[in-house]
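# Summary of the model geometry
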Amino acid sequence: MVERMDKNTDAPQELEFESLSQVFDEVQRLSATGYRALGKWNLAQICGHLNCWMTYPLDGYPVPKLHVRMVLWMVRFTVGKRLLHKIITEKKMKSGGPTLPVTVFPPNALDEHEAIQAFGRAIQRFDSFNDIIRPSPVFGSMDYETARKLQLIHCAHHLRLLIPKD
């Protein structure tokens with residue numbers, strides 16, 4: 001994992017993970033030492049969100065309303081692969097993008113310890129998964145390694161907004 005730079009800044013930090021176990025180590029560290037949130041979400045909300053998105057490639061994605069499906073279909077078959085390539089190549093995601101509302105939790109909806117444990121189980125499942133990755137509604141089909149890289153980038157995208165207090 002790339003070390004966090006200046007912990008006294010109010011800007012999101014560069015963060016990069018090489019493995020999902022590094023992600024879980026960082027989540028446990030943030031929980032143990034405390035953190036300062038630069039964004040709107042706390043650690044439990046982030047773990048809940050990441051848990052959802054980590055299990056969708058394994059179990060299948062939720063089916064959105066028809067008008068949303070149409071937009072996703074257009075994105076997938078026009079710029080989806082290019083967007084995925086850009087995210088994987090640059091190792092970052094654009095901030096402020098839309099997400100499925102079902103993956104956004106109110107501030108006190110999740111117990112932090114339980115959310116972390118559920119996220120840890122999702123990480124273990126993803127790490128040991130040996131079946132076909134379900135096609136993304138935005139990016140389409142991808143192999144396991146591409147899906148793993150996308151997960152690492154997505155985790156860094158959110159966890160970089162929690163600055164450790166240690």
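Relevant structure appears above.
Attention here is on the structure that accompanies the text. Everything numeric in this text was worked out from a predicted model, so none of it was measured.

Core analysis: the biggest nonpolar cluster contains 36 residues, and Phe17, Val23, Leu43, Met54, Phe119 and Leu159 have the highest contact counts within it. For this core, the secondary-structure elements that each account for two or more residues are helix 1 (20–33), helix 2 (43–59), helix 3 (66–90), helix 4 (112–128) and helix 5 (144–159). When near neighbours in sequence (up to four residues on either side) are disregarded, Met54 contacts Leu20, Phe119, Ala122, Ile123, Phe126, Gln151 and Cys155. Grouped together as the second largest cluster of nonpolar side chains are five residues, Trp53, Tyr56, Tyr61 and Leu100 included.

A full pass over the atoms with the stated rule returns zero disulfides. This cysteine, Cys155, is not joined by any disulfide, and Cys47 carries the nearest cysteine sulfur, 8.8 Å off. Given a relative accessible area of 0%, Cys155 falls into the buried group.

The next subject is the packing of helix 3 against helix 5. Two elements in contact, helix 3 and helix 5, have axes whose closest approach is 10 Å; the angle formed by their N-to-C orientations is 65°. Pair helix 3 / helix 5 crosses with left-handed handedness. Two secondary-structure elements touch here, helix 3 through Leu84, Ile87 and Ile88 and helix 5 through Thr146, Lys149, Leu150 and Ile153. Looking at the contact of helix 3 with helix 5 residue by residue, the classes come out as five nonpolar, one polar and one charged.

The end-to-end C-alpha distance of helix 5, which contains 16 residues, comes to 22 Å, matching closely the 22 Å that a straight helix rising 1.5 Å per residue would cover. Counting buried positions along helix 5 gives 12 out of 16 residues, so the element sits mostly inside the fold. Among the residues of helix 5, those classed as buried are Ala147, Arg148, Leu150, Gln151, Leu152, Ile153, His154, Cys155, Ala156, His157, His158 and Leu159.

Now for the packing of aromatic side chains. With the rule as written, the count across this model stands at five aromatic pairs. On the basis of an interplanar angle of 50° and a centroid distance of 5.6 Å, the ring pair of Tyr56 and Tyr61 is categorised as tilted. Classification of Tyr56 as buried rests on a relative accessible area of 10%. An aromatic cluster is built from Trp53, Tyr56 and Tyr61, whose rings are joined through pairwise contacts.

Now for the packing of helix 1 against helix 2. It is at 11 Å that the axes of helix 1 and helix 2 come closest, and there the two elements cross at 160°. The angle between helix 1 and helix 2 falls in the class roughly antiparallel. With respect to the hand of their crossing, helix 1 and helix 2 are arranged in left-handed fashion. Residues Leu20, Val27, Leu30 and Ser31 of helix 1 form the contact with helix 2, whose participating residues are Leu43, Cys47 and Met54. A per-class count over the contact of helix 1 with helix 2 returns six nonpolar, one polar and no charged.

Conventions used here
- Residues numbered from 1 in each chain as written.
- Predicted model: local features only at pLDDT ≥ 70, side-chain atom pairs only at ≥ 80, totals over all residues.
- Heavy atoms only, no water.
- Core = buried A, V, L, I, M, F, W, Y, C linked by side-chain atoms within 4.5 Å.
- Buried < 20%, exposed > 50% of the residue type's maximum accessible area, 1.4 Å probe, protein only.
- Helix = DSSP H or I, 4+ residues; strand = E, 2+ residues; numbered from the N terminus.
- Contact = heavy atoms within 4.5 Å.
- Disulfide = S-S within 2.5 Å.
- Axes fitted to C-alpha atoms, helices over the stretch in contact; angles between N-to-C directions.
- Left-handed = near helix turned anticlockwise from the far one by under 90°.
- Nonpolar A, V, L, I, M, F, W, Y, C, P; charged D, E, K, R; others polar.
- Expected span 1.5 Å × (residues − 1).
- Phe/Tyr/Trp six-rings, centres within 6.5 Å; stacked < 30°, edge-to-face > 60°.
- Parallel < 35°, antiparallel > 145°, perpendicular 65-115°, else oblique.

Function cannot be read off these values alone, since they describe shape.
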